[in-house]
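# Structural description and commentary
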Amino acid sequence: MAEVGQIPIVLKQNDPPSTWRGWLWDSADVSKEERRFLLKLDASLLTFGTLGMLIKWIDTSNITNAFVSGMKEDLGLLGNEYNYIILSWTVGYIIGQWPSNFILTRVPAHIWIPFLEIGWTIFTFALAGAKSYRALLGIRFVVGLFEAGYWPALYYILGSWYTKRELGKRNGILQSAVSIAPIFSGFLQAGIYNGLDVHAGLPGWRWLFAILAYFCLPDTPGTAKPNWLFTARDVKIAQGRMARAGRKPEGTPYSVKTIAGYFTSWQTLLFTLIFMMQPFGSQPFTAFVFWLKAHNKKGKPMVYSIAQINEYPTLGNAFTAVYSLTAVWISDGPLKGRRYPIILFSNLVAIIVFVLLVVTPVFGPFSHRAPLYIVSSIGGSMVPLTMAWMTECISHNAEQRAFTAAAMNTLQYTFTAWVPLVWFQQIHQPNVTPGNRAAAVVAGFNVIVFSTIAYLAQRERKSKALEQVVDDTDSSTPSIGEGNEKGVAITVLGPKV
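Procedures and definitions
Residues numbered from 1 in each chain as written. Predicted model: local features only at pLDDT ≥ 70, side-chain atom pairs only at ≥ 80, totals over all residues. Heavy atoms only, no water. Phe/Tyr/Trp six-rings, centres within 6.5 Å; stacked < 30°, edge-to-face > 60°. Helix = DSSP H or I, 4+ residues; strand = E, 2+ residues; numbered from the N terminus. Buried < 20%, exposed > 50% of the residue type's maximum accessible area, 1.4 Å probe, protein only. Polar contact = N/O pair within 3.5 Å; in protein donor to acceptor, adjacent residues only side chain to side chain. Contact = heavy atoms within 4.5 Å. Salt bridge = Lys/Arg side-chain N within 4 Å of Asp/Glu carboxyl O. Core = buried A, V, L, I, M, F, W, Y, C linked by side-chain atoms within 4.5 Å. Patch = residues over 30% accessible without salt bridge, like charges linked within 9 Å, V, L, I, M, F, W, Y side chains within 5 Å. Areas by Shrake-Rupley, 256 points an atom, 1.4 Å probe, with all protein chains shown as cover. Lys, Arg positive; Asp, Glu negative; His and termini not counted. Charge placed at Lys NZ, Arg CZ, Asp CG, Glu CD.

### Some remarks on the packing of aromatic side chains
For any pair of aromatic rings, the description consists of the separation of the ring centres together with the inter-plane angle of the planes. For the coordinates displayed, the defined rule picks out 34 aromatic pairs. With a centroid separation of 6.5 Å and 40° between ring planes, the pair formed by Trp291 and Tyr304 is classed as tilted. You can see Trp291 sitting in helix α12 (residues 278-294) and its partner Tyr304 sitting in the loop between α12 and α13 (306-311), a full 13 residues away along the chain. A single burial state applies to Trp291 and to Tyr304, both of which are buried. Ring plane angle 55° and centroid distance 5.4 Å describe the contact between Tyr312 and Phe366, whose orientation is recorded as tilted. A residue pair is termed long-range when its members are at least 10 positions apart, and Tyr312 in the loop between α13 and α14 (314-332) and Phe366 in helix α16 (residues 366-375) qualify at 54 residues. By relative accessible area, which is 25% here, Tyr312 ends up partly exposed. For Phe366, a relative accessible area of 31% gives the class partly exposed. A connected cluster of aromatic rings, assembled from ring pairs, spans Phe285, Phe288, Trp291, Tyr304, Tyr312, Phe366 and Tyr373.

### Some remarks on the side chain of Ser44
Relative to the elements of secondary structure, Ser44 occurs in helix α2 (residues 32-75). Judged by relative accessible area, which is 2%, Ser44 ranks as buried. Among the polar contacts listed, one links the side chain of Ser44 to the backbone oxygen of Lys40, at a separation of 2.9 Å. Other than its neighbours up to four places away in sequence, Ser44 contacts Gly49, Cys216, Pro218, Leu229 and Phe230.

### Some details on the pattern of salt bridges
One pass over the full model with this rule turns up nine salt bridges. When the shortest N-O distance is used, the salt bridge between Asp42 and Arg170 registers 3.0 Å. One end of the pair, Asp42, is in helix α2; the other, Arg170, is in helix α7 (residues 164-193), and 128 residues separate them in sequence. Note on Arg170: relative accessible area 0%, which makes it buried. Of the charged contacts, one joins Glu166 and Arg241 as a salt bridge, the two residues approaching to 2.7 Å between their closest N and O atoms. Here Glu166 is found in helix α7, whereas its partner Arg241 is found in helix α9 (residues 232-244), with 75 residues between them in sequence. In this structure Glu166 comes out as buried when scored by relative accessible area, which is 2%. On the basis of relative accessible area, Arg241 is assigned to the buried category, the value being 1%. Several salt bridges share partner residues, and in doing so they unite Lys169, Asp332, Arg339 and Glu392 into one network.

### Quick notes on the nonpolar core
Of all hydrophobic cores here, the largest spans 115 residues; its most connected members are Met53, Trp151, Trp161, Tyr162, Met387, Trp389 and Ile453. Residue contributions to this core peak at 12 residues, all from helix α19 (residues 433-474). If sequence neighbours within four positions are ignored, Trp389 has contacts with Phe271, Arg339, Tyr340, Ile343, Phe450, Ile453, Ala454 and Ala457.

### Overview of a positive patch on the surface
Residues Arg21, Lys32, Arg35 and Arg36 make up a contiguous surface patch of positive charge. Here the element with the most residues in the positive patch is α2; it accounts for three residues. For Arg36, a relative accessible area of 46% gives the class partly exposed.

Take it as geometry only, folks, not as evidence of what the structure does.
And the structure:
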């Protein structure tokens, strides 16, 4: 029995699931009260977060589908202008990262996130009226600016509500929207090309989604107030769960010294380094759509139709989504919250895939080349587990978690801005063997960095466990009349007398 704020809360210990139902979904092994709380949390935060991510990434990936479906010819795009359109969005995305997450720790999420959604919705609609290359550059920059805060904000908020046995699965469900969105985008683009009007009523439901997010999206437990969805009891349960998980709420003031300290933290440095290398692992898959298009030669019968060019790459997105969800369920369940085994395995497989992309003929048979493209994002599918691992390694400081999430995404997209221009240029697609070679080297580097993180995290856990033993020993004989200011029941185990 634990008590927070004078309200007794019964919570089961955060142990690995003890039943088969608990392996499938963690709330099966908690109390009825906590199960009801998790249901409300999943229905609001997880549902709206995933749908919002789906909308965001449909917006993001549509530019590629539009390019191979006639935009290049309609606007007379030349050379690497496609890469610069992508770059303009990336620059806006990079600039908006840190400011957005700083604001998130001070402005309620249910206000800040809908503001971002409304902003990118307006400018995404404006893209339909772009008549020139320069107009595309400017509008895509502003869309990136508004979209910048959404992804790191959602991961930060998830990490503020869910425990270790719950977080991996929720991160995986959220990230699955990133893989599923291009599937929708590809089929929507194919439908549009074939004359299907999918625009009717679209603005209405986008606006409705932003409004519902304002009323349904919860803030973090440290800043949340009772509302129509979450009662005072629910807020206390959430705060108790996070206290038991060792995850501290917001409240640390920002200062130059504080932020400088983040840059010297091994957690911030190494997790940011991993994401900085992420573009090398994701770029080989982008060649798939260009590989399909390159088979069609002017003046000759089409080898792949426009619909096939848009639809075949969705197989890779589907694989990434399924593999990622399988990985997070195994990590939260049988592996008891350990993140590194599956992460290391996936990066080792990625090395093999990238090497095969290097040594096999670029224009070999579909059955030889396409499967490699489809599974090439296996290393990148570890994003949910990596973010969960980061949250658990920085449980002690909410502001540092928000800063690190933004830093990871900022450096990732900083490299995304130039890696395609150097290693995966559109004018060379799909002949990007040097880029695939670089991806194999970086995947090997990732294995080393992830192994280092696992070692340092284990060393820190042992150090904290030793400190806890010392503290328990020092406090095992409290003075008579000594109170418990926080109202948390403490049991000291000792020899029977």
